[in-house]
Amino acid sequence: QIHLFEAAVATLTAFECWLVDTLYIAGKTQAEALEIVPEQFHVTSRSTLSRHKKRMLNKIDAFLVELGKLSA
């Protein structure tokens, strides 16, 4: 599972990695994340953060679907 996690994270952008670390590893809420988002990512609203999160989850889902096809 660790290798799968590392492979999925390797497909993410720097901001998406920050989201994974902040929302899922550190357990911050989106509101808390918005307060500490680094300036370099230029995210200033919850709706923008939500869109980024949705795209990131879709990207990981697509990665896992493709991986499933390869192992089938």
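Everything numeric in this text was worked out from a predicted model, so none of it was measured. (Residues numbered from 1 in each chain as written. Predicted model: local features only at pLDDT ≥ 70, side-chain atom pairs only at ≥ 80, totals over all residues. Heavy atoms only, no water.)

Asks: For the pattern of salt bridges, give the residues involved together with the corresponding values.
Replies: For the structure shown, the criterion picks out two salt bridges. Two residues, Glu 66 and Lys 69, come together in a salt bridge whose shortest N-O distance is 3.3 Å. One end of the pair, Glu 66, and the other, Lys 69, are both in helix H4 (residues 46-71), three residues apart, so they sit about a helical turn from each other. With a relative accessible area of 43%, Glu 66 lands in the partly exposed category. According to the relative accessible area criterion, Lys 69 is exposed, its value standing at 54%. (Salt bridge = Lys/Arg side-chain N within 4 Å of Asp/Glu carboxyl O. Helix = DSSP H or I, 4+ residues; strand = E, 2+ residues; numbered from the N terminus. Buried < 20%, exposed > 50% of the residue type's maximum accessible area, 1.4 Å probe, protein only.)

Asks: I'd love a proper account of the packing of helix H1 (residues 2-10) against H4, names of residues and values included.
Replies: Here H1 crosses H4 at 125°, and the two axes come no closer than 10 Å. The angle between H1 and H4 places the two elements in the oblique class. Where H1 crosses over H4, the two elements pack in a sense that is right-handed. Facing H1, whose interface residues are Leu 4, Ala 7 and Ala 8, H4 presents Ile 60, Phe 63, Leu 64 and Leu 67. (Axes fitted to C-alpha atoms, helices over the stretch in contact; angles between N-to-C directions. Parallel < 35°, antiparallel > 145°, perpendicular 65-115°, else oblique. Left-handed = near helix turned anticlockwise from the far one by under 90°. Contact = heavy atoms within 4.5 Å.)

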